[in-house]
Amino acid sequence: NAGVTQTPKFRVLKTGQSMTLLCAQDMNHEYMYWYRQDPGMGLRLIHYSVGEGTTAKGEVPDGYNVSRLKKQNFLLGLESAAPSQTSVYFCASTFVGQGNIQYFGAGTRLSVL
Amino acid sequence: AQSVTQPDIHITVSEGASLELRCNYSYGATPYLFWYVQSPGQGLQLLLKYFSGDTLVQGIKGFEAEFKRSQSSFNLRKPSVHWSDAAEYFCAVGALDSNYQLIWGAGTKLIIKP
């Protein structure tokens, strides 16, 4: 059972570089989320999607873009990385009828130098 | 605004001792309540949840939590901790009208003394 899979697991970027983080889920979930996790701050929502082709801003969307072209995939893009984006990024998904139970990927650890 | 407070950043407990992690929330109605656990370098795993009904809920790994509406609390407990319980624990609140979003506490790191 794959569940939620995030790639890559680790990445080091230089300031100004771009990259895309991929989240894939095989549970046919409608809702998907991108979070960042920083020490002492819990999880903060970056963007989320309520279905294929739809996205919305979360609490900390600046500097990130997302796309949900296929139901199973949710991409997070950094167009011009900054050191403040050094963090651990988590993807999660859920579906209607599960309340708010979210299922998480293993995370992507990103360092921006 | 909805919020979740976990007052303890770190808690140190001896192996075999009991554990209680605190969680307080602010929300206008009865929310959905969750505890998740994150082992080092891992993603988050659901420990238990409260939607409605019995206010004492049982979860995996021997954990339980009690919803107290009057205190706006959802504290996590375990009668006897094991070294493998060392992890970070997150409390979260959700609501029906929130696009299934969760509001997260800052987490409590549990350290187990041998």
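In what follows, the accompanying structure is described. In this text the structure is predicted, and so the values were computed from the model without any measurement. Within each chain, residues carry numbers counting from 1 in the order of the written sequence. Note on labels: chains are lettered from A, ligands numbered from 1, in written order. Where local features are concerned, this predicted model is filtered to residues with pLDDT of at least 70; where side-chain atom pairs are given and counted, the filter is 80 or more; whole-chain, interface and lining totals use all residues. To obtain the side-chain values, all non-hydrogen atoms of the structure were used and water was disregarded.

1. Details of the overall build of chain B
Move 1: A run of H or I in DSSP becomes a helix once it reaches four residues, and a run of E becomes a strand once it reaches two; helices and strands are each numbered from the N terminus. Along its length, chain B carries zero helices and twelve strands.
Move 2: Start at the N end of chain B and walk to the C end: the helices and strands fall as β-β-β-β-β-β-β-β-β-β-β-β.
Move 3: A globule of 114 residues ought to have a C-alpha radius of gyration of about 13 Å, and chain B, at 14 Å, matches this closely.
Move 4: For the C-alpha atoms alone, the extent of chain B along its principal axes is close to 45 × 30 × 20 Å.
Move 5: Buried residues in chain B amount to 45% of all 114 residues.
Move 6: Any two residues having at least one pair of non-hydrogen atoms within 4.5 Å are treated as being in contact. A sequence separation of at least 24 residues applies to 53% of the contacts in chain B between residues at least 6 apart.
Move 7: Only carbon and sulfur atoms are counted for the fraction: they give 49% of the accessible area of chain B, which is about 5500 Å².
Move 8: Separation between the mean location of the 9 positive side-chain charges and that of the 9 negative ones in chain B comes to 2 Å. Taken over C-alpha atoms, the radius of gyration is set against a globule rule of 2.2 Å times the number of residues to the power 0.38. Categorising residues by exposure relies on relative accessible area from a 1.4 Å probe, with only protein chains included: less than 20% of the type maximum marks a residue as buried, more than 50% marks it as exposed, and the intermediate range marks it as partly exposed. A 1.4 Å probe and the Shrake-Rupley method give the accessible areas. Residues count as covered only by the protein chains that appear here. His is not counted, nor are the chain ends, whereas Lys and Arg count as positive and Asp and Glu as negative. Lysine's charge is taken at NZ, arginine's at CZ, aspartate's at CG and glutamate's at CD.

2. So, the state of the cysteines
Residues and elements named next belong to chain A.
Move 1: Two cysteine sulfur atoms make up a disulfide if the distance between them is within 2.5 Å. The full count for this structure, using the stated rule, is two disulfides over all chains.
Move 2: Paired through a disulfide, Cys-23 and Cys-91 show a sulfur-sulfur distance of 1.9 Å. Taking the sign of the S-S torsion, about -75 degrees here, the bridge from Cys-23 to Cys-91 comes out left-handed. Separated by 68 residues along the polypeptide, Cys-23 in strand β3 (residues 19–25) and Cys-91 in strand β9 (residues 87–94) bring together distant segments of the chain.

3. Some words on the side chain of B:Asp8
Residues and elements named next belong to chain B.
Move 1: Structurally, Asp-8 is set in the loop between β1 (3–5) and β2 (10–14).
Move 2: Whenever two N or O atoms come within 3.5 Å, that pair is a polar contact, provided that in protein one can donate a hydrogen and the other can accept it, and provided that, for residues adjacent in sequence, both atoms are side-chain atoms. Among the polar contacts made by the side chain of Asp-8, one reaches the side chain of Arg-22 at a distance of 3.0 Å.
Move 3: Excluding its chain neighbours within four sequence positions, the residues that come into contact with Asp-8 are Arg-22, Gly-107 and Thr-108.

4. So, the interface of chain B and chain A
Move 1: With 22 residues of chain B at the contact, the number on the chain A side is 23 residues.
Move 2: In short, buried area is how much 1.4 Å probe accessible area vanishes from two parts on joining, totalled over both. Summing both sides of the interface, chain B and chain A together bury roughly 1700 Å²; the carbon and sulfur share of this comes to 58%.
Move 3: Our enumeration of links across chain B and chain A arrives at four residue pairs in polar contact (both at pLDDT 80 or more).
Move 4: If you list the elements that add at least two residues to the side of chain B that touches chain A, you get β5 (32–38), β6 (44–50), β10 (87–94) and β11 (102–104) of chain B.
Move 5: It is β5(B) that contributes the most residues to the side of chain B that touches chain A, four residues altogether.
Move 6: Counted by class, the side of chain B that touches chain A contains twelve nonpolar, nine polar and one charged residues. When residue character is reported, Ala, Val, Leu, Ile, Met, Phe, Trp, Tyr, Cys and Pro are called nonpolar, Asp, Glu, Lys and Arg charged, and the others, Gly included, polar.

5. Overview of the packing of aromatic side chains
Move 1: Pairs were defined over the aromatic rings of Phe, Tyr and Trp, the Trp ring being its six-membered one, requiring ring centres within 6.5 Å. Orientation was assigned from the angle between planes: stacked under 30 degrees, edge-to-face over 60, tilted for the rest. With the rule as written, the count across this model stands at 17 aromatic pairs over all chains.
Move 2: With a centroid separation of 5.6 Å and 75 degrees between ring planes, the pair formed by A:Phe104 and B:Tyr36 is classed as edge-to-face. Of this pair, A:Phe104 sits in strand β10 (residues 103–104) while B:Tyr36 is found in strand β5, placing the two residues in two different chains.
Move 3: For B:Tyr36, a relative accessible area of 0% translates into the label buried.

6. Some thoughts on the layout of surface pockets
Move 1: The definitions used throughout rest on a 1 Å grid laid over the protein atoms alone, on which a cavity is an enclosed set of points accommodating a 1.4 Å probe that cannot get out and a pocket is an open set flanked by protein within 12 Å on both sides along at least five of seven lines; lining residues are those having an atom within 4 Å of a point. Grid points are joined across faces, edges and corners, and a volume is the space filled by probe spheres set on the points. There is about 610 Å³ of room inside the largest pocket.
Move 2: For the largest pocket, the lining is made up of 31 residues, of which A:Gln37, A:Val88, A:Arg109, B:Gln38 and B:Gly41 are closest to its centre.
Move 3: Only β9 and β11 (108–112) of chain A together with β10 and β12 (108–113) of chain B provide two or more residues apiece to the lining of the largest pocket.
Move 4: Among the elements that line the lining of the largest pocket, the one with the most residues is β11(A), at four residues.
Move 5: Of the residues in the lining of the largest pocket, the class split is 14 nonpolar, twelve polar and five charged.
Move 6: In this structure, the second largest pocket spans a volume of roughly 170 Å³.
Move 7: As for the second largest pocket, its lining consists of A:Tyr35, A:Met41, A:Leu43, A:Arg44, A:Leu45, A:Glu59, B:Gln101, B:Leu102, B:Ile103 and B:Trp104.
Move 8: Of all the secondary-structure elements, those providing two or more residues to the lining of the second largest pocket are β5 (43–51) of chain A together with β11 of chain B.
Move 9: Looking at side-chain class alone, the lining of the second largest pocket contains seven nonpolar, one polar and two charged residues.

Interpretation in functional terms is not warranted from these geometric data alone.
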